[in-house]
Amino acid sequence: MYTEKQLELLALLTQNGPMGVDLLAQMLDWEASEVAASIETFKRDGVLLGYTAVIDWQKIHAHHGVTAFIDVKVTPKRGRGFDEVAERIHRFPEVTSLYLMSGAYDLQVVLDGKSLQEVSQFVSEKLSTLDSVISTTTHFRLKTYKHDGVLFSQDDDDKRLKVSP
């Protein structure tokens, strides 16, 4: 469906986020118009959904929050499977990511909250009250070592770690 060059372009966008069309064209040895056209095709096809920055929020002293990973066991709906309950869960503004999983639990919900109490309130008042939800298990992120291929430094005194290949 896509050429090898287009797959290279996607890999560059994944590693480096939005870059100028001219720079991408130079890196790929393409015409800028080819790069721009491919990016528009990716957007139109729903392949390129957006760009995100990887930020070490622990270095932002004013930011005090928690990230929770909530494993959810659900009863799938006949004819809809897990999609119906997933659609209800992803509508909550607190939810940053939602995955269908294999294993002991069916869904994994990721959310960022201001406090443990806020996460607890979300689980007890919103998530657990959904008809299809059988059980939940909540885990909290304590420290980030690597996220989306980017290594985080452990201390300010450590030498800066680089993006992994």
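In what follows, the accompanying structure is described. (Residues numbered from 1 in each chain as written. Predicted model: local features only at pLDDT ≥ 70, side-chain atom pairs only at ≥ 80, totals over all residues. Heavy atoms only, no water.)

**Quick look at the nonpolar core**
- With 17 residues, the main nonpolar core has Ile-70, Val-72, Ile-89 and Phe-122 as its most contacted residues.
- Residue assignment for this core shows that the elements contributing at least two residues are strand E1 (66-74), helix H4 (83-90), strand E3 (107-113) and helix H5 (116-127).
- Ignoring any residue separated from it by four or fewer positions in sequence, one finds Ile-89 in contact with Val-95, Leu-98, Leu-107, Val-109, Leu-127 and Leu-130. (Core = buried A, V, L, I, M, F, W, Y, C linked by side-chain atoms within 4.5 Å. Buried < 20%, exposed > 50% of the residue type's maximum accessible area, 1.4 Å probe, protein only. Helix = DSSP H or I, 4+ residues; strand = E, 2+ residues; numbered from the N terminus. Contact = heavy atoms within 4.5 Å.)

**Observations concerning helix H2 (residues 21-28)**
- Within the sequence span of H2, burial applies to Leu-24, Ala-25 and Leu-28. Along the long axis of H2, the arc covered by the buried residues comes to 100 degrees, so they all point the same way. Away from its buried face, by an angle of more than 90 degrees, H2 presents the exposed residues Asp-22 and Gln-26.
- Residues of H2 that are buried sit in contact with helix H1 (4-16) and helix H3 (32-44).
- Asp-29 sits one or two residues past H2 and shows a positive phi near 60 degrees. (Arc of directions from axis to C-beta.)

**Quick word on the packing of aromatic side chains**
- Counted under the stated rule, the structure contains two aromatic pairs.
- The interplanar angle of 90 degrees and the centroid separation of 5.4 Å between the aromatic rings of Phe-92 and Phe-122 together place this pair among those described as edge-to-face. Of the two residues, Phe-92 is situated in the loop between H4 and strand E2 (95-100) and Phe-122 in helix H5; the sequence distance between them amounts to 30 residues.
- Residue class for Phe-92 comes out buried when judged on its relative accessible area of 18%.
- Using a relative accessible area of 3% as the deciding quantity, one classes Phe-122 as buried. (Phe/Tyr/Trp six-rings, centres within 6.5 Å; stacked < 30°, edge-to-face > 60°.)

**Notes on H1**
- Over its 13 residues, H1 extends 18 Å from the first C-alpha to the last, a length consistent with the 18 Å expected when each residue adds 1.5 Å.
- Considering only its buried residues, H1 is in contact with H2 and H3. (Expected span 1.5 Å × (residues − 1).)

**Structural notes on unusual backbone geometry**
- Residue Asp-29 is not a glycine yet carries a positive backbone phi of 60 degrees.
- For Asp-29, the location among the structural elements is in the loop between H2 and H3.

**Side note on the side chain of Thr-67**
- Examined against the element boundaries, Thr-67 turns out to sit in strand E1.
- There is a polar contact of 2.6 Å between the side chain of Thr-67 and the side chain of Asp-112.
- The contacts of Thr-67, once residues within four sequence positions are left out, are Val-110, Leu-111, Asp-112, His-139, Phe-140 and Arg-141. (Polar contact = N/O pair within 3.5 Å; in protein donor to acceptor, adjacent residues only side chain to side chain.)

**As for a nonpolar patch on the surface**
- Nonpolar side chains collect at one region of the surface, where Ile-55, Trp-57 and Ile-60 lie side by side and expose about 280 Å² of accessible area between them.
- Among the structural elements, Ile-60 can be located in the loop between H3 and E1.
- Among the residues examined, Ile-60 registers a relative accessible area of 39% and is labelled partly exposed. (Patch = residues over 30% accessible without salt bridge, like charges linked within 9 Å, V, L, I, M, F, W, Y side chains within 5 Å. Areas by Shrake-Rupley, 256 points an atom, 1.4 Å probe, with all protein chains shown as cover. Salt bridge = Lys/Arg side-chain N within 4 Å of Asp/Glu carboxyl O.)

**Thoughts on the pattern of salt bridges**
- Going through the model one piece at a time under the given rule, you end up with four salt bridges.
- When the shortest N-O distance is used, the salt bridge between Lys-43 and Glu-40 registers 3.9 Å. Linking Lys-43 with Glu-40, this pair stays in helix H3, spanning three residues, or about one helical turn.
- Residue classification places Glu-40 among the partly exposed positions, given a relative accessible area of 47%.

**Section: the layout of surface pockets**
- Here the largest pocket defines a volume of roughly 1,300 Å³.
- Together, 44 residues line the largest pocket, and Ala-53, Val-54, Ile-55, His-147 and Asp-148 are the ones closest to its centre.
- Sorting the residues of the lining of the largest pocket by element identifies H1, E1, E2, E3 and strand E5 (146-147) as the ones contributing at least two each.
- The element that contributes the greatest number of residues to the lining of the largest pocket is H1, accounting for five residues. (1 Å grid on protein atoms, 1.4 Å probe; cavity = no way out; pocket = protein on both sides within 12 Å on 5 of 7 lines; lining within 4 Å. Points joined across faces, edges and corners; volume = space filled by probe spheres on them.)

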